[in-house]
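# Inside the fold
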Amino acid sequence: MRRLAAALALLALLAPLAAAQERINPIQGAYGEVYVIAGRALDADGNPIVRGTVTASLDSPGVQATPLSIGTDCYGTFFGYYTLHAVNPKGSITVAIKGPDGEGSQSKGLDPFFRRSDFLLRYPGHTQGACPDAQPTPWGSRATVSGRLLERVPSYDPGTGSLDARPFQGYVRLALVLKDGSRFCPPSQQGATLCEPIPVDERGDFRYSWTFNDAFNATGHVEVVAGNRTFNETLDPVYRIAWADEETTGQGPPAPAPTPLPPVLALAAVAVAAFAARRLLPGHPR
């Protein structure tokens, strides 16, 4: 009886409280019109930057853009975007958070296929921010998944530039799978084989958090089922988030276009090729 009571108590501890899909900050623009910046910011102790500000800077050839100031929520999550049609893979996004103890920053190249960059940002100092929300869920009792789902299609131009994908439309099924094998469906069902569907938005973006009664070790993965494909996304045990940017048809993003050789090098390459061919001509003196 004692063992049964202990087991029931453990199940109560791990039972989600109110795991509902989180609303993503409103975005004005379609998939081919905006570039999304998503992330989570923690301090040196591994605690979320509560109601802080992250600066995002776009550096791309031929583009002039004012840095964005993006606020974080009670769990250090930030979400913003640039209105950007043509995405140059030579460009980059840098996110940074500054304070009296220094600065934490991270840079990533622009992704012309997913049109989104996800960041894990660490501030080198300590924070004691208080969340004004009424009784927010404790930081250590949450696990989150966030991402974008796309379908690879033949290149097309909706009027904003050439694209190779369309947002996945419909629903995903999500499951949190912890290291010990425990599996949780939204919103509160443990061990089910088929989880309830969760909608994605018009750009294929989604975000969901599981919330529990008490803190737990966020080691494991999130299972994302989209159409007839399943993706297992590793859960970061420190940031307590898994990123799920996936192409759902199995084709994957297109290969990067080859970088053209400078004119001088191109002429040299042609000369070398011609010389090699000449040496192979029958009867040519060697």
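Going by the structure above, here's the rest.
Reading guide: rules and limits
- Residues numbered from 1 in each chain as written.
- Predicted model: local features only at pLDDT ≥ 70, side-chain atom pairs only at ≥ 80, totals over all residues.
- Heavy atoms only, no water.
- Buried < 20%, exposed > 50% of the residue type's maximum accessible area, 1.4 Å probe, protein only.
- Helix = DSSP H or I, 4+ residues; strand = E, 2+ residues; numbered from the N terminus.
- Pairing = 2+ DSSP bridges.
- Disulfide = S-S within 2.5 Å.
- Axes fitted to C-alpha atoms, helices over the stretch in contact; angles between N-to-C directions.
- Phe/Tyr/Trp six-rings, centres within 6.5 Å; stacked < 30°, edge-to-face > 60°.
- Lys NZ or Arg CZ within 6 Å of the ring centre and 35° of its normal.
- Salt bridge = Lys/Arg side-chain N within 4 Å of Asp/Glu carboxyl O.

## Regarding the pairing of strand β17 (residues 241–247)
Every regular strand shows the same layout, with side chains that alternate between the two sheet faces. For β17, the tally of buried residues reaches six of seven residues, placing the bulk of the element in the interior. In this structure, strand β8 (residues 142–156) lies alongside β17, joined through seven bridges in parallel fashion. Considered in β17, the bridge of V145 is made with A242.

## A closer look at the state of the cysteines
Evaluation of the coordinates by the stated rule reveals two disulfides. At a sulfur-sulfur separation of 1.5 Å, the disulfide partner of C74 is C131. Note that C74 is positioned in the loop between β3 (68–71) and β4 (77–83) and C131 in the loop between β7 (116–122) and β8, a separation of 57 residues in sequence. Neither residue differs from the other here; C74 and C131 are each classed as buried. The disulfide that involves C185 links it to C195, with 1.8 Å between the sulfurs. Residues C185 and C195 share a disulfide whose torsion about the S-S bond is about -65 degrees; that sign makes it left-handed.

## Side note on the sheet that holds β3
In spatial order, the strands read β3-β2-β5-β6; together these four strands make up an open sheet with antiparallel pairing. Lying at the two open borders of the sheet, with one neighbouring strand each, are β3 and β6 (102–109). Adjacent strand axes in the sheet meet at a mean angle of 25 degrees, parallel and antiparallel pairs treated alike. Strand direction decides the pairing type here: strand β2 (residues 53–59) and strand β5 (residues 92–99), joined by five bridges, are antiparallel.

## Some details on the packing of aromatic side chains
The tally for this structure, following the rule as stated, stands at four aromatic pairs. Three or more aromatic residues joined by ring pairs make a cluster, and in this case those are F184, F212 and F216. Lying across the ring of Y31, R115 places its NZ or CZ 5.9 Å from the centre. Positioned over the ring face of Y75 is R142, at 3.6 Å from the centre of the ring.

## Observations regarding the pattern of salt bridges
Counted according to the given criterion, the structure contains seven salt bridges. D118 is paired through a salt bridge with R116; the nearest N and O atoms lie 2.7 Å apart. Looking at R116, the relative accessible area reads 2%, which means it is buried. Residue D245 pairs with R116 through a salt bridge whose shortest N-O separation is 3.6 Å. Linking D245 in strand β17 with R116 in strand β7, this pair joins segments that are 129 residues apart in sequence. The network of salt bridges with shared partners includes R116, D118, R148, D205 and D245.

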